[in-house]
Amino acid sequence: MAHDVLRSICVFCGSRPGADPAFTAAAAGFGRVIAERGITLVYGGARVGLMGSVADAALAAGGRVVGVIPRALVSKEVLHDGLSELFLTETMAQRKEQMMALSDAFVALPGGFGTYDELFEALTLAQIGIHDKPNGLLDVGGFFRPLLALLRHAVEHGFAGESDARLVVAEEAPERLLAALAERARRS
Ligand code: AMP
């Protein structure tokens, strides 16, 4: 399937591999699928954790991979040395801004606090109308179930609207997630 409306996807995910090898397998699977569809991967530029897995798989499948990393994190997160393109930023905030500017959609894979931070930034900017790019979760083994419940919790207590909760789509299969994101991008 050609996702002409999704030329580039920004992936947020763990700088650690997580406790289950299924996370690494899923990250690699997602990287491969987006490369096979000719979609550019935009991500945080590291070669460690799930970040490294998604980039390695996309590159191995012949994809274009763009990294965006703050100078101060180059050694801590271990910069990937095989990227198609690299942007160095001065701050974490500039990194997020640059990753978002370069992308047509945002996808979170399993990860930790940094992943949540990035996901919520994309989501809250969509909520207040700063961008209209689709947001997705690759829900590996139900990893995001607690987060989806937390979003619902906010809606049920009147702190977000039903339409806000619908700003994020969760799917376990990469192909289904890409199809849902493409559909949303077409509508926006
Ligand atoms: P983590 O999910 O915690 O492994 O982090 C994933 C990515 O988010 C890493 O590249 C982190 O550098 C990044 N990150 C961590 N904290 C923040 C933050 N406060 N703002 C933006 N990015 C962050």
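This text follows the structure it describes.
Residues numbered from 1 in each chain as written. Predicted model: local features only at pLDDT ≥ 70, side-chain atom pairs only at ≥ 80, totals over all residues. Heavy atoms only, no water.

Participant: Lay out the site of the ligand with the relevant residues and their values.
Facilitator: Surveying the vicinity of the ligand reveals 16 residues, the closest of which are Ser15, Glu77, Gly112, Gly114 and Thr115. In the environment of the ligand, an oxygen atom lies 2.6 Å from a nitrogen or oxygen atom belonging to the side chain of Ser15. At a separation of 2.4 Å, an oxygen atom of the ligand approaches a polar side-chain atom of Glu77. Burial of the ligand by the protein amounts to 78% of the accessible area it has alone, namely 490 Å². When contributions to the shell around the ligand are tallied by element, the ones reaching two or more residues are α3 (92-101) and α4 (113-127). It is α4 that provides the largest number of residues to the shell around the ligand, a total of five residues. A class-by-class count of the residues in the shell around the ligand yields five nonpolar, six polar and five charged. (Near = heavy atom within 4 Å. Polar contact = N/O pair within 3.5 Å; in protein donor to acceptor, adjacent residues only side chain to side chain. Areas by Shrake-Rupley, 256 points an atom, 1.4 Å probe, with all protein chains shown as cover. Helix = DSSP H or I, 4+ residues; strand = E, 2+ residues; numbered from the N terminus. Nonpolar A, V, L, I, M, F, W, Y, C, P; charged D, E, K, R; others polar.)

Participant: I'd love a proper account of the packing of helix α1 (residues 21-36) against helix α7 (residues 174-187), names of residues and values included.
Facilitator: Relative to each other, α1 and α7 sit at 50°, their axes nearing to 10 Å. Taken as axis vectors, α1 and α7 run oblique relative to one another. Of the two possible hands of crossing, α1 and α7 adopt the one that is right-handed. Counted together, Phe30, Val33 and Ile34 of α1 and Pro174, Glu175, Leu177 and Leu178 of α7 form the full contact between these two elements. Here the contact of α1 with α7 is composed, by residue class, of six nonpolar, no polar and one charged. (Axes fitted to C-alpha atoms, helices over the stretch in contact; angles between N-to-C directions. Parallel < 35°, antiparallel > 145°, perpendicular 65-115°, else oblique. Left-handed = near helix turned anticlockwise from the far one by under 90°. Contact = heavy atoms within 4.5 Å.)

Participant: Before we move on, can you summarise the pattern of salt bridges with the specific residues and values?
Facilitator: Using the criterion set out here, one finds twelve salt bridges in the structure. Between Lys96 and Asp117 there is a salt bridge, with its nearest N and O atoms 2.6 Å apart. Taken together, the residues span a long stretch of sequence, with Lys96 in helix α3 and Asp117 in helix α4 at a distance of 21 residues. Lys96 is the salt-bridge partner of Glu121, the closest N and O atoms lying 2.9 Å from each other. You can see Glu121 sitting in helix α4 and its partner Lys96 sitting in helix α3, a full 25 residues away along the chain. Here Glu121 falls in the partly exposed class, since its relative accessible area comes to 29%. Classification of Lys96 by relative accessible area gives buried; the value is 12%. Three or more residues are tied together by salt bridges with common partners; here these are Lys96, Asp117 and Glu121. (Salt bridge = Lys/Arg side-chain N within 4 Å of Asp/Glu carboxyl O. Buried < 20%, exposed > 50% of the residue type's maximum accessible area, 1.4 Å probe, protein only.)

Participant: Which residues make up the pairing of strand β6 (residues 135-138), and what values do they have?
Facilitator: Neither face of β6 is left uncovered, since the one carrying Asn135 and Leu137 and the one carrying Gly136 and Leu138 both have all their residues buried. Inspection of the sheet shows strand β5 (residues 105-108) paired to β6 by three bridges, in the parallel sense. Note on β6: the bridge partner recorded for Ala108 is Leu137. In the classification by handedness, the crossover that spans β5, the intervening α4 and the parallel β6 is right-handed. (Pairing = 2+ DSSP bridges. Right-handed = clockwise from strand over helix to strand, strands pointing away.)

Participant: Give a description of the sheet that holds strand β1 (residues 8-12) that names residues and reports values.
Facilitator: Pairing is parallel in the open sheet, where seven strands are placed in the order β4-β3-β2-β1-β5-β6-β7. Looking at which strands have only one partner, the edges of the open sheet turn out to be β4 (85-89) and β7 (168-171). Taken over all neighbouring pairs, the strand axes of this sheet differ in orientation by 25° on average, direction set aside. Bridge count between strand β2 (residues 40-43) and strand β3 (residues 65-70): three bridges; the pairing is parallel. Looking across to β3, one finds that Tyr43 is bridged to Gly67.

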